[in-house]
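Commentary on secondary and tertiary structure
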Amino acid sequence: GAVVSQHPSRVICKSGTSVKIECRSLDFQATTMFWYRQFPKQSLMLMATSNEGSKATYEQGVEKDKFLINHASLTLSTLTVTSAHPEDSSFYICSADLAGTETQYFGPGTRLLVL
Amino acid sequence: EDQVTQSPEALRLQEGESSSLNCSYTVSGLRGLFWYRQDPGKGPEFLFTLYSAGEEKEKERLKATLTKKESFLHITAPKPEDSATYLCAVQAFTGGTSYGKLTFGQGTILTVHP
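Throughout, a residue's number is its position along its own chain's written sequence, starting from 1. Chains carry letters from A onward and ligands carry numbers from 1 onward, assigned in written order. Only residues with pLDDT of at least 70 get local features here, since the model is predicted, and only at 80 or more are side-chain atom pairs given and counted; chain-wide, interface and lining totals rely on the full set of residues. Side-chain measures here rest on the full set of heavy atoms in the structure, leaving out hydrogens and waters.

1. Focus on the overall build of chain A
Helix and strand content of chain A: 0 helices and 11 strands. The helix count covers DSSP runs of H or I at least four residues long, the strand count covers runs of E at least two residues long, and both are numbered beginning at the N terminus. Taken from N to C terminus, the helices and strands of chain A fall in the order β-β-β-β-β-β-β-β-β-β-β. Expressed as lengths along the three principal axes of its C-alpha atoms, the size of chain A is roughly 40 × 25 × 20 Å. Buried residues are those whose accessible area, probed at 1.4 Å on protein chains only, stays under 20% of the maximum for their type, while exposed residues exceed 50% and partly exposed ones sit between those limits. Taken over 115 residues, chain A has a buried fraction of 51%. Each charge class in chain A was averaged separately, 10 positive and 10 negative side chains, and the resulting centres sit 10 Å apart. Only four residue types enter the charge count, namely Lys and Arg as positive and Asp and Glu as negative; His and the chain termini do not. Lysine's charge is taken at NZ, arginine's at CZ, aspartate's at CG and glutamate's at CD.

2. Re the packing of aromatic side chains
Here the aromatic set is Phe, Tyr and Trp, taking the six-membered ring for Trp, and pairing holds for ring centres within 6.5 Å; pairs whose planes are under 30 degrees apart are stacked, those over 60 apart are edge-to-face, and all others are tilted. Here the structure, examined in full by the defined rule, presents 9 aromatic pairs over all chains. Ring plane angle 65° and centroid distance 6.5 Å describe the contact between F28 of chain A and Y105 of chain A, whose orientation is recorded as edge-to-face. Taken together, the residues span a long stretch of sequence, with F28 of chain A in the loop between β3 (19-25) and β4 (32-38) and Y105 of chain A in strand β10 (residues 103-106) at a distance of 77 residues. Exposure class is identical for F28 of chain A and Y105 of chain A. Each is buried. When the ring of Y36 of chain B is compared with that of F46 of chain B, the centres are 5.9 Å apart and the planes differ by 70°; the resulting orientation is edge-to-face.

3. Describing the interface of chain A and chain B
In this assembly, 21 residues from chain A lie in contact with 20 residues from chain B. When two components associate, each loses some accessible surface as probed by a 1.4 Å sphere; the sum of these losses over both components is called the buried area. Buried area between chain A and chain B, both sides added, is near 1,600 Å², and the carbon and sulfur share of it is 51%. Together, S43, E102 and F106 of chain A form the three largest contributors to the area buried by chain A at its contact with chain B, with a combined 33%. Salt bridges are identified by distance alone: a Lys or Arg side-chain nitrogen within 4 Å of an Asp or Glu carboxyl oxygen. For the pair chain A and chain B, the number of links is 1 salt bridge. A salt bridge links E59 of chain A to K101 of chain B, with the shortest nitrogen-to-oxygen separation between them at 2.8 Å. We define a polar contact as two N or O atoms separated by no more than 3.5 Å, with the added condition that, inside protein, one atom must be a possible hydrogen donor and the other a possible acceptor, whereas residues neighbouring each other in sequence contribute only through side-chain atom pairs. In this structure, the connection of chain A to chain B is made through 6 residue pairs in polar contact (both at pLDDT 80 or more). Here the side of chain A that touches chain B is built from residues that sort into 9 nonpolar, 9 polar and 3 charged. Contact definition: two residues touch when any of their heavy atoms are within 4.5 Å. Think of it as three bins: nonpolar holds Ala, Val, Leu, Ile, Met, Phe, Trp, Tyr, Cys and Pro, charged holds Asp, Glu, Lys and Arg, and polar takes everything else, Gly as well.

Right under this line is the structure:
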């Protein structure tokens, strides 16, 4: 139980294009989902907290107009990297909060490479 | 500001050589301390949640313990398949409720040689 999926697992795009990453909780409903970014050999940095039906809460230093988050249902949150640039290349990981456990279950991650 | 420091940064063990990983933390009010395992190129896999000092949890060769300032992840007779990065994270209370934010440590890279 508590399985989270992400799609795509890997994406390569040209500079200036937008990329959408989907995060789904497959066997549970998640009122809250989280988006993290991880650089090589570094730990996870929280980008934003996404609540179903409301606006996302962004961490300090994260541009909300560049990283658009939509949490349209209790099982789906999307992260759109708008006008991507090479410095946006990173490993993006989502997690979903299993209600009643205070535990976040993570997706497998999406590797983004911007050329 | 919540802070989590893990040590050592890297640990090399021989198969069967038991050891411990450390997670020191400072948090305004601890709601939970979490241990995750992360394999290269994958998302973190949940291992344990600890809520109060003195609590212990076990899973196969792993045992997690918690004090008011730190947590230990004990690995007994490790096998090569235990090789991974082990991440510690804390979740704090926020005004009586928590919106679930986790603050992660840098992780300990564990390598177990056969």
